[in-house]
Amino acid sequence: MNDESDDGAKIGFSAVWAIAVGGMVGGGIFSTLGVVISHAGKWAALSFLIGGLIAYATGHSLAALTVEADEPGGIYSFLRDAGFKGVAKVSAYVLLLGYVLTCAVYAYTFGAYVGNVLGGPGWLPPAMASAAIVAMTALNLRGAGQATGVEIAIVVTKLAILAGLAALGLSQFDAAKLEITAQPGLLGIVIGAASVFMAYEGFELLAYDYDEMEDRKALMGRIMPWAIGSAALIYVLVALAVPMLTGTKAVIEDGEIALANAGQAALGTPGLIAVTVAAALSTVSAINATLFSSARLAREVARNNDLPSRFAKRNDEGAPWLAVLLIAAMSLTLAVLGGLSGLVSAASLVFLVVFCALNALAFQEGIGKRWITLPGALGSFAALVLLALDLSGIL
């Protein structure tokens, strides 16, 4: 899937880590904290931890399957190679839908944070969301791809800002501030974990960049604990810290701008601006990376005749232009029309399907450590069922 990549320079540990962490934190914690707390209450950090454990198992399965195949791919390629061509085709459609939803969430979040700091009329946030998608679409159509040096700088910057926010909040830690009026039970914690899976989406992008890695087998085999562990750690710390600064009720009510308000509560206008900068950098880089990888997934699927052949065609800059445009257009529409909670839950549901399939395939094929792949399959399936029941109104 990376036939247009540079055959010279290879990306090392730092760049691979940045791509994975950037994909996960690229809007995840900025978008999902209020949604998770509304489900899990004072146990939101535990929901993030449970989600991280299932994500780690899935990352293990993905890495093992990629190393076994020794070629770039993902769930679509793995299923095709295993002889499940019909299921592979469905998985590609599901994954592309997931990428559309996550792009929409990232754009929605970008618009909310930038619109909040600028003030102005109600049309400004959706206009900013649209502008972010249009700008990243133009970048992708020019074949710019992922600039690893820039990605490392963006990831380090946003993690530093989030770590600073977490430190300020935890310095005022008071467990009573985590309480909400109606405390959820174990079911609420698990539904909170299920609803957060969109925040862990992103590490699977590494499967598309496998050919570009230095010592790819060794690096792919050891990167997942570091990348997913980094994301999970910052999520848990922020989930504990932000309610200390604004109160848990405010986090739920503030929704997509909860972290900006926490930054303002901690440091005034400089804090507001710092968190907004982190959110803007995170979401824009995540839109770019998601468009880049999802368009190339669509091209790969088209090459195998599971999408119309026109999706495999590239422009003069080497970009699969139709795939980029269609994914961007669908994402823009959802970003403007969709609500944050619905988009986050829908994206989490889609990626739980993908995570479950990855773990189940690795377990069935005996690839990777079964004591990791089996709990991953069972955990992601249980979370999928519970989230689906919750969204349907049964729970």
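Predicted, not measured: the structure shown is a model, and the values here were computed from it.

Colleague: Would you mind going over the side chain of Thr-109 with me for this structure?
Modeller: Note that Thr-109 resides in helix H5 (residues 85-118). Residues contacting Thr-109, with those up to four places away along its chain left out, are Phe-30, Ser-31, Thr-283 and Leu-340.

Colleague: Help me understand the packing of helix H14 (residues 340-365) against helix H15 (residues 370-392) in this model?
Modeller: Here H14 crosses H15 at 150°, and the two axes come no closer than 8 Å. The pairing of H14 with H15 is recorded here as roughly antiparallel in orientation. Two packed elements cross with a definite hand, and for H14 against H15 that hand is left-handed. Residue-level contacts link Ser-345, Ser-348, Leu-349, Leu-352, Val-353, Phe-355, Cys-356, Asn-359, Ala-360, Ala-362, Phe-363 and Gln-364 of H14 to Arg-370, Thr-373, Leu-374, Gly-376, Ala-377, Ser-380, Phe-381, Ala-383, Leu-384, Leu-387, Ala-388 and Leu-391 of H15. Each residue belonging to the contact of H14 with H15 can be placed in one class, and the counts come to 16 nonpolar, seven polar and one charged.

Colleague: Which parts of the structure should I look at to understand the nonpolar core?
Modeller: A general trend in soluble globular proteins is that nonpolar side chains are found buried together. Judged by nonpolar contacts, the single largest core of 125 residues is most densely connected at Ile-29, Leu-33, Phe-48, Tyr-235 and Leu-259. When residues in this core are grouped by element, the largest group, 16 residues, is from helix H9 (residues 216-246).

Colleague: Please clarify how the packing of helix H6 (residues 124-141) against helix H12 (residues 269-303) should be interpreted in this entry.
Modeller: Geometry of a packed helix pair, given as the angle between the helix axes and the separation of the axes. Two numbers describe how H6 lies on H12: the axes approach to 9 Å, and their chain directions differ by 50°. As summarised for this structure, H6 and H12 are arranged oblique, according to the angle between their axes. Along this stretch, H6 crosses H12, giving a crossing that reads as right-handed. Contacts between H6 and H12 involve Ala-132, Met-136, Thr-137, Leu-139 and Asn-140 from the former and Val-284, Ile-287, Asn-288, Leu-291, Phe-292 and Arg-296 from the latter. By residue class, the composition of the contact of H6 with H12 is seven nonpolar, three polar and one charged.

Colleague: Can you walk me through the environment of Leu-62 in this structure?
Modeller: Relative to the elements of secondary structure, Leu-62 occurs in helix H3 (residues 44-69). Separated by 293 residues in the primary sequence, Leu-62 and Phe-355 place their C-alpha atoms 9.0 Å from one another. When neighbours within four sequence positions are excluded, Leu-62 is seen to be in contact with Phe-78, Phe-203, Glu-204, Ala-207, Met-220, Met-224 and Leu-358.

Colleague: What am I meant to see in the pattern of salt bridges here?
Modeller: Pairing is possible between side chains of opposite charge, provided their charged atoms come close. A complete count under the given rule lists five salt bridges for this structure. The partner of Glu-300 in a salt bridge is Arg-303, and the shortest N-O contact between them spans 3.9 Å. Of this pair, Glu-300 and Arg-303 both sit in helix H12, three residues apart, which is roughly one turn of that helix. One salt-bridge network, in which partners are shared between bridges, spans Asp-70, Asp-211 and Arg-216.

Colleague: Help me understand a nonpolar patch on the surface in this model?
Modeller: There is a patch of nonpolar side chains on the surface, built from Val-117, Leu-118, Ile-273, Val-277 and Leu-281 and spanning about 380 Å² of accessible area. Those elements giving two or more residues to the nonpolar patch turn out to be H5 and H12. The dominant element in the nonpolar patch, judged by the number of residues it contributes, is H12, at three residues. If you trace the backbone, Val-117 turns up in helix H5.

Colleague: Please clarify how H9 should be interpreted in this entry.
Modeller: With 31 residues, H9 ought to run about 45 Å at 1.5 Å a step, and its terminal C-alpha atoms sit 44 Å apart, in line with that. Maximal helix bending in H9 amounts to about 40°, located at Ile-223; proline Pro-225 follows within four positions. Count one or two residues on from H9 and you reach Gly-247, which has phi positive near 95°.

Colleague: What should I look at first to understand unusual backbone geometry in this one?
Modeller: Where the residue is not glycine, phi is negative for most of them; where a peptide bond is considered, it is trans in most cases. One non-glycine residue, Asp-70, lies in positive phi territory at about 55°. With respect to the element layout, Asp-70 can be found in the loop between H3 and helix H4 (75-81). On the accessibility criterion, Asp-70 (27% relative accessible area) is partly exposed. Here the phi dihedral of Asn-305 falls at roughly 65°; this positive angle occurs in a residue that is not glycine.

Colleague: I'm lost on the side chain of Ser-61 in this one. Help?
Modeller: Relative to the helices and strands, Ser-61 resides in helix H3. Accessibility expressed as a relative area gives 0% for Ser-61, which makes it buried. With residues up to four places along the chain from it excluded, the contact list for Ser-61 reads Leu-358, Asn-359, Ala-362 and Thr-373.

Colleague: Explain helix H13 (residues 321-337) here, please?
Modeller: One turn of an α-helix holds 3.6 residues; hence residues three or four places apart share an orientation. Spanning 17 residues, H13 covers 24 Å between terminal C-alpha atoms, matching the ideal 24 Å at 1.5 Å per step. The complete set of buried residues in H13 reads Leu-322, Ala-323, Val-324, Ile-327, Ala-328, Ser-331 and Ala-335. Buried residues belonging to H13 abut H5, H6 and H12.

Colleague: For this particular structure, what's the right way to read the packing of aromatic side chains?
Modeller: Given two aromatic rings, one states the distance between the centres and the angle between the planes to describe the pair. Using the criterion set out here, one finds seven aromatic pairs in the structure. Both rings, one in Phe-48 and one in Tyr-235, keep their centres 5.4 Å apart while their planes meet at 45°; by these two values the pair is tilted. With Phe-48 in helix H3 and Tyr-235 in helix H9, this residue pair connects regions lying 187 residues apart in the sequence. Here Phe-48 falls in the buried class, since its relative accessible area comes to 0%. Ring plane angle 75° and centroid distance 5.3 Å describe the contact between Tyr-200 and Tyr-235, whose orientation is recorded as edge-to-face. A residue pair is termed long-range when its members are at least 10 positions apart, and Tyr-200 in the loop between helix H8 (186-195) and H9 and Tyr-235 in helix H9 qualify at 35 residues. Its relative accessible area of 0% is what places Tyr-200 among the buried residues. Aromatic ring contacts, followed pair by pair, group Phe-48, Tyr-200 and Tyr-235 into a single cluster.

Rules used throughout
Residues numbered from 1 in each chain as written. Predicted model: local features only at pLDDT ≥ 70, side-chain atom pairs only at ≥ 80, totals over all residues. Heavy atoms only, no water. Helix = DSSP H or I, 4+ residues; strand = E, 2+ residues; numbered from the N terminus. Contact = heavy atoms within 4.5 Å. Axes fitted to C-alpha atoms, helices over the stretch in contact; angles between N-to-C directions. Parallel < 35°, antiparallel > 145°, perpendicular 65-115°, else oblique. Left-handed = near helix turned anticlockwise from the far one by under 90°. Nonpolar A, V, L, I, M, F, W, Y, C, P; charged D, E, K, R; others polar. Core = buried A, V, L, I, M, F, W, Y, C linked by side-chain atoms within 4.5 Å. Buried < 20%, exposed > 50% of the residue type's maximum accessible area, 1.4 Å probe, protein only. Salt bridge = Lys/Arg side-chain N within 4 Å of Asp/Glu carboxyl O. Patch = residues over 30% accessible without salt bridge, like charges linked within 9 Å, V, L, I, M, F, W, Y side chains within 5 Å. Areas by Shrake-Rupley, 256 points an atom, 1.4 Å probe, with all protein chains shown as cover. Expected span 1.5 Å × (residues − 1). Bend = angle between axes of the 7 residues up to and from the residue. Phe/Tyr/Trp six-rings, centres within 6.5 Å; stacked < 30°, edge-to-face > 60°.

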